[in-house]
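Each chain, written out:
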Amino acid sequence: MAQVSKVTGVVISEEDNLPIVGASVLIKGTNTGTVTDIDGNLHLATFRQMQEVIISFIGMQSRELD
């Protein structure tokens, strides 16, 4: 049985430290992703070991996190 890894966090703007609603969050190299909720929270479950996460939002620069 594959082990499930959980990825959670909050996406905030560097400009004003407010949560970003509707930011796209994708595990790099996969089709696994989600969007942030009204409080900027993200929740992902993956069956692979943690990889880079790509966070993007229209009008903002994308970020890749390890």
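Remember, it's a predicted structure, so these values are computed and weren't measured experimentally.

Cut-offs and rules
Residues numbered from 1 in each chain as written. Predicted model: local features only at pLDDT ≥ 70, side-chain atom pairs only at ≥ 80, totals over all residues. Heavy atoms only, no water. Helix = DSSP H or I, 4+ residues; strand = E, 2+ residues; numbered from the N terminus. Buried < 20%, exposed > 50% of the residue type's maximum accessible area, 1.4 Å probe, protein only. Contact = heavy atoms within 4.5 Å. Areas by Shrake-Rupley, 256 points an atom, 1.4 Å probe, with all protein chains shown as cover. Salt bridge = Lys/Arg side-chain N within 4 Å of Asp/Glu carboxyl O.

Engineer: Quick question: what am I supposed to make of the overall build of the chain here?
Structural biologist: Each helix and strand in the chain was counted, giving zero helices and six strands. Helices and strands in the chain line up, N terminus first, as β-β-β-β-β-β. Within the chain, buried positions represent 23% of all 66 residues. For the chain, the share of sequence-separated contacts (at least 6 apart) that also reach a separation of at least 24 residues comes to 46%. Put simply, the chain shows about 5,000 Å² of open surface, and 52% of that area lies on carbon and sulfur atoms.

Engineer: How should I be thinking about unusual backbone geometry in this particular structure?
Structural biologist: Across residues other than glycine, the phi torsion is negative in most instances, and most of the peptide bonds are trans. One non-glycine residue, Asn17, lies in the positive phi region at around 60°. The exposure class of Asn17 is exposed, given its relative accessible area of 56%.

Engineer: What am I meant to see in the pattern of salt bridges here?
Structural biologist: Two side chains bearing opposite charge may form a pair once their charged atoms approach each other closely. For the coordinates displayed, the defined rule picks out one salt bridge. We note a salt bridge from Glu52 to Lys28, for which the minimum N-O separation is 3.8 Å. Taken together, the residues span a long stretch of sequence, with Glu52 in the loop between strand E4 (41-46) and strand E5 (53-56) and Lys28 in the loop between strand E2 (24-27) and strand E3 (33-35) at a distance of 24 residues.

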